[in-house]
Amino acid sequence: MHLRIFGDPVLFHIGTVPVTETMVTSTVVTLLLIATAVLLAYLATLRPQHWLSLVAFMIVESFDNLVTEIIGRRHTIVSTLAGSLFLFIASCNIAGQLPGVHPATGSLATTSALAVVVFLSVPIAGIRSNGVWGYIKHYFRPNPLLMPLHVISELSRTLALAVRLFGNIMSGHLVVGLLVALAGFLVPTPIMALDLLIGLLQAYIFAILSTVYIGAAISAGEE
Amino acid sequence: MSPTLTTFLFEAVNFIVLTAVLGWLFFKPVRQALSERRAKFEAETQQAAQKLAEAERMQRDIDATRANLQAELNELRSRELESVRRQAEQILTEARIAAERQREISRRQAAQMSETQRDTLAEVAATAAAETVGRLFEQIGGPELQSALIESACQQLRSLPQRTIAPVKIESALPLSPEQLAALNDALGPAASGADFRTVDGLGAGVRIATGQGLIDASVSGLTQFARQSLVQEMKRLANNHNPLQSVNDA
């Protein structure tokens, strides 16, 4: 088994663009996710009594309620973003449990991309909710001198988001790989179960923290 | 182009596209279905609440109607009971009247039957007594009885006015002796000349004299008949005075 931490093998090139294993994995996961989502949406629309429809209702309702509790009001865009983050990260983490599949979230490029998306979503949501000045002025509270600290805080939490998810997934995958290499095939099964749990937990944490950051930006003008 | 940068950009775009697609194809329709479902539930809940309120109102109406009906039923029942009671009393009164009438009829019938039986009994007793008297006269028999009866007839003839005695018809059970014939002629007086003397059966002894004033029966059969009639009359008189039907009335 080939173990890697930062390296991401290039499988092929499309023109001058290299296509890495992470890109392929995340593409497959995205397509499967979209297909599943379309199926669930179809069932939820046409056969609401089906148990998969109930699963779809439960997912959407859970994220709507979560966002409502965090932000204080219903916000469908934020809940869509949080739900998409959770579903994508959780799907990638679950896919990493399959033999021979390297989880997309085990790549720092992927987690950084997700963190950057969240980082960019925060000011967009803040400006949309409070206006440009209404959002920007919260950097100068309670004292304009604290503005650099606000900026550093936002950068650091974005970095923390990316590194936390990457570290957890990469380490779990690495531990499982090492155990498979050293102890055999069935020995790492408990660790894999733990890794699965950690993967779901990290997806939830990433979604929650993203919601909290965006919610804070939305309610910045109300402080 | 660096693979890491390519991956970074691809993942960012991929996630944004995924979010857009999920939002468009999953979250939006599911949320819409959810809101429709919720609206349907709320509508059904509202309908159920309305139906419940309607049912409660109907229940109240039914209770009120039932109470009214119960009151009407009670009133009707009491009215009917009163009517039936009056009817029963009327029937009872009519029955009493009918029973009284029937009892009166029965009492009269019983009295009539009693009187008839009493008369029959009196007749039987008188007949028996008369037969006894007749047998006694027959046992006495002889010329003395004949003479005594003729003497009795003569006394009765003498008590009548002489002018109104004729026509005279004298019937005797036995042939009359000359003394007896002379006594009768003497008692008849002037009417003796036209007197018709006959001897008939069935008189036992003595004579039976038909006069213009009436019949003088001094024969055994006449006395027997007289005794019978006297007994019957006496027994009826006694029975009427005694009021033997008192016991029937008491019963």
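Residues numbered from 1 in each chain as written. Chains lettered and ligands numbered in written order. Predicted model: local features only at pLDDT ≥ 70, side-chain atom pairs only at ≥ 80, totals over all residues. Heavy atoms only, no water.

## Describing the overall build of chain A
Using the following cut-off: Secondary structure elements follow DSSP: runs of H or I no shorter than four residues count as helices, runs of E no shorter than two count as strands, and numbering proceeds from the N terminus. Exposure categories follow from relative accessible area, calculated using a 1.4 Å probe and restricted to protein chains: below 20% of the type maximum is buried, above 50% is exposed, and the middle band is partly exposed. Any pair of residues with heavy atoms lying within 4.5 Å of one another is described as a contacting pair.
The helix and strand tally for chain A stands at seven helices and two strands. Starting at the N terminus, the α and β elements of chain A follow one another as β-β-α-α-α-α-α-α-α. Put simply, chain A has 223 residues, and 45% of those count as buried. Considering only contacts in chain A between residues 6 or more positions apart, those separated by 24 or more positions represent 65%.

## Quick word on the overall build of chain B
The criterion, for reference: Every radius of gyration here is taken over C-alpha atoms, with the globule rule written as 2.2 Å times N^0.38, N being the number of residues. What sets the accessible areas is the Shrake-Rupley method with a 1.4 Å probe; for residues, cover comes only from the shown protein chains.
Across its full length, chain B holds five helices and four strands. Mapped in sequence order, the helices and strands of chain B form the string α-α-β-α-β-β-β-α-α. The globule rule puts the C-alpha radius of gyration for 251 residues at 18 Å, and the 63 Å found for chain B is more than 25% above it. Seen through its C-alpha atoms, chain B measures out along the principal axes to roughly 205 × 30 × 30 Å. Buried positions account for 25% of the 251 residues belonging to chain B. Restricting to contacts in chain B with at least 6 residues of sequence separation, those with at least 24 account for 76%. Counting only carbon and sulfur atoms, one obtains 58% of the accessible surface of chain B, whose full area is about 16,600 Å².

## Remarks on the pattern of salt bridges
In plain terms, the rule: Take a side-chain nitrogen of Lys or Arg and a carboxyl oxygen of Asp or Glu: if they are within 4 Å of each other, that pair is a salt bridge.
A full pass over the atoms with the stated rule returns 19 salt bridges over all chains. For R57 of chain B, the salt bridge identified is with E54 of chain B, shortest N-O distance 2.6 Å. Pair noted here: R57 of chain B and E54 of chain B are both in helix α1 (residues 3-140), with a separation of three residues, about one helical turn. Given the relative accessible area of 37%, R57 of chain B is considered partly exposed. Residue classification places E54 of chain B among the partly exposed residues on the basis of a relative accessible area of 36%. Each of D64 and R74 of chain A together with R31 of chain B takes part in salt bridges that share partners, so that together they form one network.

## What about the packing of aromatic side chains?
Stated precisely, the cut-off is as follows: Centre distance within 6.5 Å is the pairing criterion for rings of Phe, Tyr and Trp, where only the six-membered ring of Trp is used; planes under 30 degrees apart are then read as stacked, over 60 as edge-to-face, and the remainder as tilted.
Scanning all chains against the criterion turns up four aromatic pairs over all chains. On the numbers, 5.5 Å between centres and 50 degrees between planes, the contact of F63 of chain A with F86 of chain A is tilted. Placement of F63 of chain A in helix α2 (residues 51-71) and of F86 of chain A in helix α3 (residues 76-95) is noted, with a sequence separation of 23 residues between them. Take F63 of chain A and F86 of chain A: they sit in the same class, and that class is buried. Measuring from ring centre to ring centre gives 5.1 Å for F26 of chain B and F27 of chain B, while their planes differ by 80 degrees; the resulting arrangement is edge-to-face. Each of the two residues, F26 of chain B as well as F27 of chain B, counts as buried.

## Let's talk about the pairing of strand β1 (residues 10-14) of chain A
All names here are of chain A. Defined as follows: One requirement defines pairing of two strands: DSSP has to find at least two bridges between them.
Pairing of β1 with strand β2 (residues 17-20), which is carried by four bridges, proceeds in the antiparallel orientation. Paired with I14 across the two strands is V17, which belongs to β2. If you look at the hairpin formed by β1 and β2, you'll find two residues sitting between the two strands, and G15 has a positive phi there, around 70 degrees.

## Notes on unusual backbone geometry
Of note, the bond from R141 of chain A into P142 of chain A is cis; its omega dihedral lies within 30 degrees of zero at -10 degrees. Within the element layout of this structure, P142 of chain A appears in the loop between α5 (132-136) and α6 (147-183).

## What about the interface of chain B and chain A?
Note the threshold: Summed over both partners, the accessible area lost on bringing two parts together, with a 1.4 Å probe, is the buried area. For this analysis, a polar contact is any N or O atom pair within 3.5 Å, provided that within protein one partner can donate a hydrogen and the other can accept it, and provided that sequence-adjacent residues contribute only side-chain to side-chain pairs. When residues are sorted by character, Ala, Val, Leu, Ile, Met, Phe, Trp, Tyr, Cys and Pro go into the nonpolar class, Asp, Glu, Lys and Arg into the charged class, and all the rest, Gly among them, into the polar class.
With 28 residues of chain B at the contact, the number on the chain A side is 46 residues. Carbon and sulfur atoms make up 77% of the surface buried where chain B meets chain A, a total of about 3,100 Å² over both sides. Contact with chain A buries surface across chain B, with F15, F26 and R31 of chain B losing the most and accounting together for 21% of the total. Taken together, the links from chain B to chain A amount to two salt bridges. E61 of chain A is the partner of R38 of chain B in a salt bridge, and the nearest nitrogen-oxygen pair spans 2.8 Å. Inspection of the region where chain B meets chain A yields seven residue pairs in polar contact (both at pLDDT 80 or more). Grouping the amino acids of the side of chain B that touches chain A by side-chain chemistry returns 17 nonpolar, seven polar and four charged.

## Structural notes on the environment of R66 of chain B
Residues and elements named next belong to chain B. Residue position: R66 is located in helix α1. Residue classification places R66 among the exposed positions, given a relative accessible area of 52%. Put simply, R66 and R38 are 28 residues apart on the chain and 40 Å apart in space, counted from C-alpha to C-alpha.

## Description of the confidence of the model for chain B
Basically, it comes down to this: Predictor confidence is given residue by residue as pLDDT, running from a minimum of 0 to a maximum of 100.
Overall, the prediction assigns chain B a mean pLDDT of 85, with 96% of residues at 70 or greater. By mean pLDDT, the top-scoring element of chain B is α1 of chain B (90), and the lowest-scoring one is helix α5 (residues 246-250) of chain B (53).

## Re the packing of helix α1 (residues 21-46) of chain A against α1 of chain B
A pair of packed helices is characterised by two quantities: the angle between their axes and the separation of those axes. Quick reminder of the rule: Here the axes come from fitting lines to C-alpha atoms, over the contacting stretch only for helices, and the angles between their N-to-C directions go from 0 to 180 degrees. Orientation labels follow simple angle bins: below 35 degrees gives roughly parallel, above 145 gives roughly antiparallel, 65 to 115 gives roughly perpendicular, and whatever is left gives oblique.
The geometry of α1 of chain A relative to α1 of chain B is characterised by a closest axis approach of 9 Å and an angle of 5 degrees between their N-to-C directions. With respect to each other, α1 of chain A and α1 of chain B are oriented roughly parallel.

## Here's the deal with helix α4 (residues 108-130) of chain A
This is how the line gets drawn: Each helix should span, by expectation, one fewer than its residue count multiplied by 1.5 Å.
Across its 23 residues, α4 of chain A extends 33 Å between first and last C-alpha, which sits within 8% of the 33 Å expected from 1.5 Å per residue. Within two residues after α4 of chain A, G131 of chain A carries a phi angle of roughly 85 degrees, on the positive side.

## Notes on α3 of chain A
Helix length check: α3 of chain A, at 20 residues, gives a terminal C-alpha distance of 28 Å against a target of 28 Å (1.5 Å per residue), a fit within 8%. When you tally the buried positions in α3 of chain A, you get 16 out of 20 residues, the bulk of the element.

## Description of the sheet that holds strand β3 (residues 206-210) of chain B
All names here are of chain B. In space, the four strands of this open sheet follow the order β2-β1-β3-β4, with mixed pairing throughout. Every other strand in the sheet has two partners, leaving β2 (196-199) and β4 (215-219) as the edge strands with one partner each. Along the sheet, successive strands turn relative to each other by an average axial angle of 15 degrees, direction set aside. Pairing analysis gives four bridges linking strand β1 (residues 169-172) to β3, with the strands arranged antiparallel. Counted as the bridge partner of I170 is I209 from β3. Taken strand by strand, helix α3 (residues 178-188) contacts β1, β2 and β3, and its axis lies near 145 degrees from that of β2.

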